[in-house]
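Tertiary structure, described
What follows is the residue order along each chain.
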Amino acid sequence: MSLDSTSHPGGPELVPSRYALRVGELDVLVVSDGVLSLPGAMLAHNADPAVRAAWLKDMFLPPDVLEWALNVVVVRSGGRTILIDAGMGAEFPDLPRSGRLALRLEAAGIDLASVTDVVLTHMHMDHVGGLLAGGVKARLRPDLRVHVAAAEAEFWESPDFSRVSMPPGFPDALRSTAKRFLNAYRSQLRPFEAEHEVAPGVLVRRTGGHTPGHSVVRLASGGDRLTFAGDAVFAVGFDHPEWYNGFEHDPEEAARVRVRLLRELAATGEPLVATHLSFPSVCHVAVAGDVFRWVPAFWDY
Ligand SMILES: [Zn+2]
């Protein structure tokens, strides 16, 4: 089955691209930047290909190419509008179904000029590219703050790709996008060491693993909580948390970070949103024997 149902000529988009929820006093919007078509092998480079293929088959997914969701989050806390990650932009022409963030923010009534803060889980191009897309920087406020772990900005000055397993072309594209991003936004960076409270109830915390400065965002208000896990958790990570994703710069540490986070969320019952879980990605985590179970939230209309 192949669906390109994102739009029809001259009409509005037919697929849902935003999902709103409340976390106590915080307004949260999950916005889709589109999807990335990536080789199925990216799921794990330390798994037996037959086991990997069996997982895809069990999930009713094709064996060769997997469509990865690309979720971005907008949080409103008090007078602040916080964009968490920014999607792909136009950084990699081979991924034409992504890079829709600016359009979809506009469709959701969110003016780029209203964004006071950007929080980056890390500096891979599918998370920062949207900030480099045509006309975006000019529409953002000159006093915009961009929060990113100090270790992440440092890493991309001289990145290590020795442990990744990416399709050809990706390492160069990731390097050059990160460099362009640092050059464009350096004066607006607000680096933090271990954690930083961006606004009341919005805490960004460095985990490392996926990249040295990879971070997750913990939202808490009233009795409610929600974690945006960035790339700490992928769809396959519930069944196979020990599988090394091709984009992880320190795969052993990434697996430890994933297991620790999934265990914690399973224990607390706190909901999870992650970049590459199927849109809108709001879900819970359950324990299933030695591994985990992904429990998508029922949509709340
Ligand atoms: Zn990513």
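All chains use their own residue numbering, which begins from 1 and follows the written sequence. pLDDT decides what is reported in this predicted model: residues at 70 or higher carry local features, side-chain atom pairs at 80 or more are listed and counted, and totals for whole chains, interfaces and linings draw on all residues regardless. Excluding hydrogens and water, the side-chain figures rest on all heavy atoms present in the structure.

1. Focus on the environment of Lys137
Let me state the cut-off plainly: By definition, any uninterrupted DSSP run of H or I lasting at least four residues is a helix, any uninterrupted run of E lasting at least two residues is a strand, and each is numbered from the N terminus. Buried, partly exposed and exposed residues are distinguished by accessible area as a fraction of the type maximum, computed with a 1.4 Å probe on protein chains only: under 20%, between the cut-offs, and over 50%, respectively. In what follows, a contact means two residues having at least one pair of non-hydrogen atoms within 4.5 Å.
You can see Lys137 is positioned in helix α4 (residues 136–139). A relative accessible area of 39% means that Lys137 is categorised as partly exposed. Distance in space between the C-alpha atoms of Lys137 and Ser17 is 22 Å, their sequence separation being 120 residues. Once residues within four sequence positions are removed from consideration, Lys137 is found in contact with Leu131, Ala184, Tyr185 and Gln188.

2. Observations concerning the coordination of the zinc ion
Our working rule: Atoms are scored as donors when they are N, O or S and lie within 2.8 Å of the metal, with 3.2 Å used for Na, K and Ca; no water is included, so coordination may look incomplete. The rule is simple: four donors are tetrahedral if all their angles sit between 85 and 135 degrees, four are square planar and six octahedral if opposite donors span more than 155 degrees and the others lie between 65 and 115, and anything that fits none of that is irregular.
Note on the zinc ion: its protein donors are Asp126 (OD), His127 (NE2), Asp231 (OD) and His276 (NE2). The metal-donor distances range over 2.1 to 2.2 Å. Around the zinc ion, the four donor atoms sit at angles spanning 85 to 166°, and that spread fits a shape best called irregular. For the zinc ion, all donor residues lie on one chain, and their spacing in sequence is D-H-x103-D-x44-H. Remark: His276 occurs in the loop between β12 (272–273) and β13 (283–288) and Asp231 occurs in the loop between β11 (224–228) and α7 (251–268); sequence separation between them is 45 residues.

3. A closer look at the pairing of strand β2 (residues 26–39)
For clarity, the cut-off: Should DSSP find at least two bridges between two strands, the strands are regarded as paired.
The buried count for β2 comes to ten of 14 residues, which makes it a mostly enclosed element. When strand β1 (residues 18–23) meets β2, the two strands line up antiparallel, connected through six bridges. Along β2, the bridge assignment pairs Arg18 with Val31. Counting the residues between successive antiparallel strands, the hairpin from β1 to β2 contains two residues, one of them, Gly24, with a positive phi of roughly 60°. Note that β2 and strand β3 (residues 65–77) share eleven bridges and pair antiparallel. Paired with Val30 across the two strands is Val73, which belongs to β3.

4. Quick notes on the side chain of Thr121
Among the structural elements, Thr121 can be located in the loop between β5 (117–119) and α3 (125–128). Discounting residues that sit within four places of it in the chain, Thr121 has contacts with Ile84, Asp85, His127, Gly213, His214, Ser215, Phe228 and Gly230.

5. Side note on the packing of aromatic side chains
Cut-off, in case you're wondering: Aromatic pairs are defined between Phe, Tyr and Trp rings, using the six-membered ring for Trp, whenever the two ring centres lie within 6.5 Å; interplanar angles under 30 degrees are classed as stacked, those over 60 as edge-to-face, and all others as tilted. Counted as over-ring charges are cases with an Arg CZ or a Lys NZ within 6 Å of the ring centre that also lie within 35 degrees of the ring normal.
The tally for this structure, following the rule as stated, stands at nine aromatic pairs. The interplanar angle of 85° and the centroid separation of 5.4 Å between the aromatic rings of Trp68 and Phe234 together place this pair among those described as edge-to-face. Separated by 166 residues along the polypeptide, Trp68 in strand β3 and Phe234 in the loop between β11 and α7 bring together distant segments of the chain. Phe234 carries the same exposure label as Trp68, and that label is buried. Here Phe279 and Trp299 contribute two aromatic rings whose centre-to-centre distance is 6.4 Å and whose plane-to-plane angle is 75°, an arrangement assigned as edge-to-face. One end of the pair, Phe279, is in the loop between β12 and β13; the other, Trp299, is in the segment after β14 (291–296), with 20 residues separating them in the sequence. Residue class for Trp299 comes out partly exposed when judged on its relative accessible area of 36%. An aromatic cluster is defined as three or more aromatic residues linked by ring pairs; in this entry it consists of Tyr19, Phe279 and Trp299. Sitting over the ring of Tyr185, Lys137 keeps its end group 5.3 Å from the ring centre. In this structure, Arg175 is placed above the aromatic ring of Phe161, and the distance from its NZ or CZ to the ring centre is 4.5 Å.

6. Some thoughts on the pattern of salt bridges
For clarity, the cut-off: In what follows, salt bridge is the name for a side-chain nitrogen of Lys or Arg lying within 4 Å of a carboxyl oxygen of Asp or Glu.
In the structure shown here, the tally under the stated rule is 17 salt bridges. One salt bridge in this structure joins Arg22 and Asp27, with 2.8 Å as the shortest N-O distance. The closest approach of N and O atoms between Arg139 and Glu106, which form a salt bridge, is 3.7 Å. In this pair, Arg139 is assigned in helix α4 and Glu106 in helix α2 (residues 101–107), connecting sequence segments 33 residues apart. For Arg139, a relative accessible area of 38% puts it in the partly exposed group. By relative accessible area, which is 53% here, Glu106 ends up exposed. When salt bridges with common partners are traced through the structure, they connect Glu13, Arg100 and Arg104 into a single cluster.

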